[in-house]
Amino acid sequence: MGWKKLNTDGSVLGSFGQAGCGGVVRDEQGNWIAGFTRHIGTTNCFAAELWGLRDGLSLCLSLNIPCLVVEVDTKAIVDVLRNYNYDNIIISPIMDDCRQLVSCFQQI
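Rules of the game
Residues numbered from 1 in each chain as written. Predicted model: local features only at pLDDT ≥ 70, side-chain atom pairs only at ≥ 80, totals over all residues. Heavy atoms only, no water. Phe/Tyr/Trp six-rings, centres within 6.5 Å; stacked < 30°, edge-to-face > 60°. Lys NZ or Arg CZ within 6 Å of the ring centre and 35° of its normal. 1 Å grid on protein atoms, 1.4 Å probe; cavity = no way out; pocket = protein on both sides within 12 Å on 5 of 7 lines; lining within 4 Å. Points joined across faces, edges and corners; volume = space filled by probe spheres on them. Helix = DSSP H or I, 4+ residues; strand = E, 2+ residues; numbered from the N terminus. Nonpolar A, V, L, I, M, F, W, Y, C, P; charged D, E, K, R; others polar. Pairing = 2+ DSSP bridges. Axes fitted to C-alpha atoms, helices over the stretch in contact; angles between N-to-C directions.

As recorded by an unreviewed UniProt entry, the protein carries the name RNase H type-1 domain-containing protein and is attributed to Lithocarpus litseifolius.

This is the structure we're talking about:
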């Protein structure tokens, strides 16, 4: 009771091409609360997935959601976010944003 769920996804045309991301926020009964999409430009699937997570977490914070279940379809995203030693000049700023946003929730 009181928890919301964020589902995000990223997509790329080819292995490195035009990319976008989107997501949806639902309540505990599965009812739609909010959604988002973003055109990213040219990137890879990993970056598109991270952009989706970042934008989804930002949306949930703007909706004042304290307790959040997050579902992404790329285990590598979860692994990298948990590994604070991972460093990538292109991806690290988005990862840092995601980590900072995650810390803003009461429970996640």
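Text resumes after the structure shown.
Attention now goes to the packing of aromatic side chains. This structure, assessed with the given rule, holds 0 aromatic pairs. Geometry around Tyr84 places Arg99 over its ring, the cationic atom sitting 4.5 Å from the centre.

Here the focus is the layout of surface pockets. Considered as a void within the structure, the largest pocket measures approximately 370 Å³ in volume. If you go around the largest pocket, you meet 15 residues; those closest to its centre are Val70, Val78, Leu81, Val102 and Ile108. Looking at the lining of the largest pocket, the elements with two or more residues in it are helix H1 (45–62), strand E4 (68–71), helix H2 (75–82) and helix H3 (92–102). The element best represented in the lining of the largest pocket is H2, accounting for 4 residues. Across the lining of the largest pocket, the residue classes tally to 12 nonpolar, no polar and 3 charged.

The strand order across the open sheet formed by 4 strands is E3-E2-E1-E4, and the pairing between neighbours is mixed. On the outer flanks of this sheet lie strand E3 (32–43) and E4, each paired with one strand and no other. Within the sheet, the average angular offset between the axes of one strand and its neighbour, ignoring direction, is 15 degrees. Strand direction decides the pairing type here: strand E2 (residues 17–26) and E3, joined by 10 bridges, are antiparallel. Bridging across to E3, Val24 finds its partner in Gly35.

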